[in-house]
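Listed here are the chains, written in short residue letters.
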Amino acid sequence: LADPSTGVSQLVGARISQAAATQRAGRAGRVRAGESYHLFLSGEAEAMAPAPTPEMQRAPLESTCLRLLAMLSPAADKTVSNETVTGETDETVTDVSAGVTAETVTAGVAAIALTKSVSGYGGEAGLIDGSVTVATTVVTVAALLAEAPHPPPAGAVARAVGALIALGALCKTEGGGEELTAIGRRMAEVPAEPRMAKALVAAHALGCLREVSIIAAAAEAPRGGLFGRGPLATETKQRLDGSSDHLAALRVLALWETDGSPALSRLGIAESAVREVDRAARRLADSVRSACGGQEAPLARNAKVGALVKAALVCGCGRLAMRLEPGKGELCWLAPSGREVRVKPHSSSLLSRTLKLSKSSNASDGGKGKASKGVESSESSWYVCHALLRSADSTRALDATLVSPLALALCGPQDLGFKPTSEAEEAAVLAGRARLEAALGGEPHMQVHLHALRAELSLLLAPIDAPWSGLPAGWVCEEDSAGKTLYRSLEQSGVTSRSKPTESAKSLAQGGERAKGSLARANAEAAENQQQAEARRQAVAEPAPQQSGLGLEAEVQAAETVGTASVVAAAAAAAAAAAATAAAKLTAAAESAELKRATLKLTASADAKARTAAAGSVAGGVSKLLAELELGTYAGAFANAGIDDAALREIAEILGEDREEGESAVDELVERVGLKGGSAVKFKRRLLSGGGGGGGG
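Residues numbered from 1 in each chain as written. Predicted model: local features only at pLDDT ≥ 70, side-chain atom pairs only at ≥ 80, totals over all residues. Heavy atoms only, no water.

### Thoughts on the overall build of the chain
Now for step 1: Within the chain one finds 28 helices and 16 strands.
Now for step 2: Within the chain, the fraction of its 697 residues that count as buried is 39%.
Now for step 3: Contacts spanning at least 24 positions in sequence make up 64% of the contacts within the chain whose residues lie at least 6 apart. (Helix = DSSP H or I, 4+ residues; strand = E, 2+ residues; numbered from the N terminus. Buried < 20%, exposed > 50% of the residue type's maximum accessible area, 1.4 Å probe, protein only. Contact = heavy atoms within 4.5 Å.)

Below you can see the structure in the form of structure tokens.
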């Protein structure tokens, strides 16, 4: 049931109806005739309701209203055959029972509305080739649902419409009706409840659709999801991510994809449940891509994936933002009616552990509000959850994620009361909200600016990022003995990093092996040169003087024979000159070997910098590169030539490994695309230098 004052689903114990009791007797007699015994008195049976309350009169109506308007919007573009309308209407009306669900009656209500529009009720219509074409009319959800076999309460309809307007899915028309917005049309095609549907649409724009699809699938998983609903679930979640139930589920899938079954065994999570969540997430992501018009653009290497995931969750679930006051054991939620509601976390939520620590800390310090490590005490903390559940004694939050006030100001509802601290901050928040709404609605001019929007959100929301999220392949995030974050490579034993890696472990290992090979070759060549130099030194120091001495003695004897003393002096000078030349050559050879070794080291460093520069010059993909170089008119030429983001990254990798081959690849790309003159020069300079592009040309 939905709470009449807040719209929150609640569990209420109640007697079954007389119809349900009769149906139970029918189930008992399926095999043969017999007797059915009910454990209640005949007087209690007479007091039972004749039939169950229809779901449309007791369940939340947000999904029903959204899909009903999607069937009729835009009305001018809808054509339904006469036969189809009549058949759907008759079948729906005759088959309606007291237990009909809100979803199954939506199509029937739409058919009834169309039929009445044909007959002149609620608007004009005409018959074209045996089809019914409905003219544009003032459409209200309340009027449409009033035609249902069991109309829901007017207050419940108004509450659902208000919630959809707050989500940005509906808007009021000039005539007083309601219509879907661009975001609402996308949300209506996603098979999820509206809050999570908007979070998924936001994730498609922000580049984290896979991650949010996993969160949505895990939230809808049967039997308590991946962790179950017991108190032990909080311990497992705390080991994975202490700030978010949603990110804890996301990390389970990340560990499974990296380490397989052993990672799940260490956590005590069934692999069958993980596989089911993975399959459901893939189906959900495919439906979102279909609704949003295709594959999402890839994320940049330095994107803060955890922060973007939280931003997407705030986009959809910001209406369920809750404030945790310092030293208190409850959360405060502002209901749509404006009334503050006290909320308690479910026992399986990480929030329950946080509140226990907060209470114990507050009691130990005499109520002064000093929290223990890991619990915020100096100011309020904010959380968002995807669902609330009303129990007999309280309202419970099922799963929650820690967010920041800035995230709520940028991505959440505007009426939560967050006030910017300066005019500059207010302008930044308003501009960010406008760009985000335009991106979610699929406005064409925003598609080329998605990378800039993601980079801006990553920068602003970096404090709420998860250190393990968005890791390249082959890295795992751990904590050392001091509790500090440490990243360990799975490709190379003993290789760790304090800073978050931006390159896959395999690629880094291959680069290291290439560098080691170059250095080994340089060392081997230097050693060989050193050996040759030593051999020359020995040759100059020992054999040469002996040979020179013998030659000098012979020449002296010859000089004595001929009686010319000048010959003796000339021979001695020649011997001294030969020794000096040999020594100079030895010194030059040693210096050359040392210089060559230093040059190879510098070359390896330059190659690494070149790879980094080449990768950085194309990090944003084709669209961002063309926008920065003011060459957006060539976007079609790049697409026709088959040059996409992957092809651009491949050319950058070739440039990083072999400069000459990379230059040839760039020349070939320019020729294929048809870049001419200054445009070609500017494009080649950007790729070859890795620097920023110049002005237009």
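### Topic: a negative patch on the surface
Now for step 1: A surface patch of negative charge is lined by Glu 650, Glu 653, Glu 657, Asp 658, Glu 660 and Glu 661.
Now for step 2: Elements that contribute at least two residues to the negative patch include exactly helix H26 (645-657) and helix H27 (659-673).
Now for step 3: Of the residues forming the negative patch, the biggest block, three residues, is contributed by H26.
Now for step 4: Summarising the element assignment, Glu 650 is placed in helix H26. (Patch = residues over 30% accessible without salt bridge, like charges linked within 9 Å, V, L, I, M, F, W, Y side chains within 5 Å. Areas by Shrake-Rupley, 256 points an atom, 1.4 Å probe, with all protein chains shown as cover. Salt bridge = Lys/Arg side-chain N within 4 Å of Asp/Glu carboxyl O. Lys, Arg positive; Asp, Glu negative; His and termini not counted. Charge placed at Lys NZ, Arg CZ, Asp CG, Glu CD.)

### Focus: the side chain of His 246
Now for step 1: Mapped onto the elements, His 246 comes out in helix H12 (residues 245-259).
Now for step 2: A distance of 3.1 Å separates the side chain of His 246 from the side chain of His 386, its partner in a polar contact.
Now for step 3: In contact with His 246, not counting residues within four places along its chain, are Ile 215, Leu 313, Val 384, His 386, Asp 399, Ala 400 and Thr 401. (Polar contact = N/O pair within 3.5 Å; in protein donor to acceptor, adjacent residues only side chain to side chain.)

### What about the nonpolar core?
Now for step 1: Counting residues in each nonpolar core, the largest one holds 103 residues, and the members touching the most others are Val 190, Leu 200, Leu 226, Phe 227 and Val 252.
Now for step 2: Excluding residues within four positions of it along the chain, Leu 200 makes contact with Val 190, Ala 192, Leu 209, Val 212, Ser 213, Ala 216, Leu 284 and Val 288.
Now for step 3: Within the second largest apolar cluster, 22 residues are counted, among which are Val 622, Ala 641, Leu 655 and Val 666. (Core = buried A, V, L, I, M, F, W, Y, C linked by side-chain atoms within 4.5 Å.)

### Focus: the sheet that holds strand S14 (residues 475-479)
Now for step 1: A sheet is described by the order of its strands in space; here three strands give the open sequence S14-S15-S16, paired in antiparallel fashion. Of all strands in the sheet, those bounded by a partner on one side alone are S14 and strand S16 (496-497).
Now for step 2: Here strand S15 (residues 485-489) pairs with S16 via two bridges, running antiparallel. Across the sheet, residue Arg 488 finds its bridge partner in S16, namely Thr 496. (Pairing = 2+ DSSP bridges.)

### Looking at the pairing of S15
Now for step 1: Summarising the sheet, S14 and S15 pair through five bridges and their orientation is antiparallel. Looking at S15, one finds that Cys 477 is bridged to Tyr 487.
Now for step 2: Counting the residues that bridge the hairpin from S14 to S15 gives five residues, and of these Gly 483 lies at a positive phi of roughly 85 degrees.

### Section: the pattern of salt bridges
Now for step 1: The tally for this structure, following the rule as stated, stands at 19 salt bridges.
Now for step 2: A salt bridge links Arg 435 to Glu 456, with the nearest nitrogen and oxygen atoms 2.6 Å apart. Separated by 21 residues along the polypeptide, Arg 435 in helix H18 (residues 423-440) and Glu 456 in helix H20 (residues 450-460) bring together distant segments of the chain.
Now for step 3: A residue is classified by how much of its surface remains accessible, and Glu 456, at 23% relative accessible area, is partly exposed.
Now for step 4: A salt bridge links Lys 624 to Glu 628; the nearest nitrogen and oxygen atoms lie 4.0 Å apart. Note that Lys 624 and Glu 628 are positioned in helix H24 (residues 621-628) at a spacing of four residues, about one turn of the helix.
Now for step 5: We classify Lys 624 as partly exposed; its relative accessible area is 31%.
Now for step 6: Members of the salt-bridge network, linked through shared partners, are Arg 210, Glu 257, Asp 278 and Arg 282.

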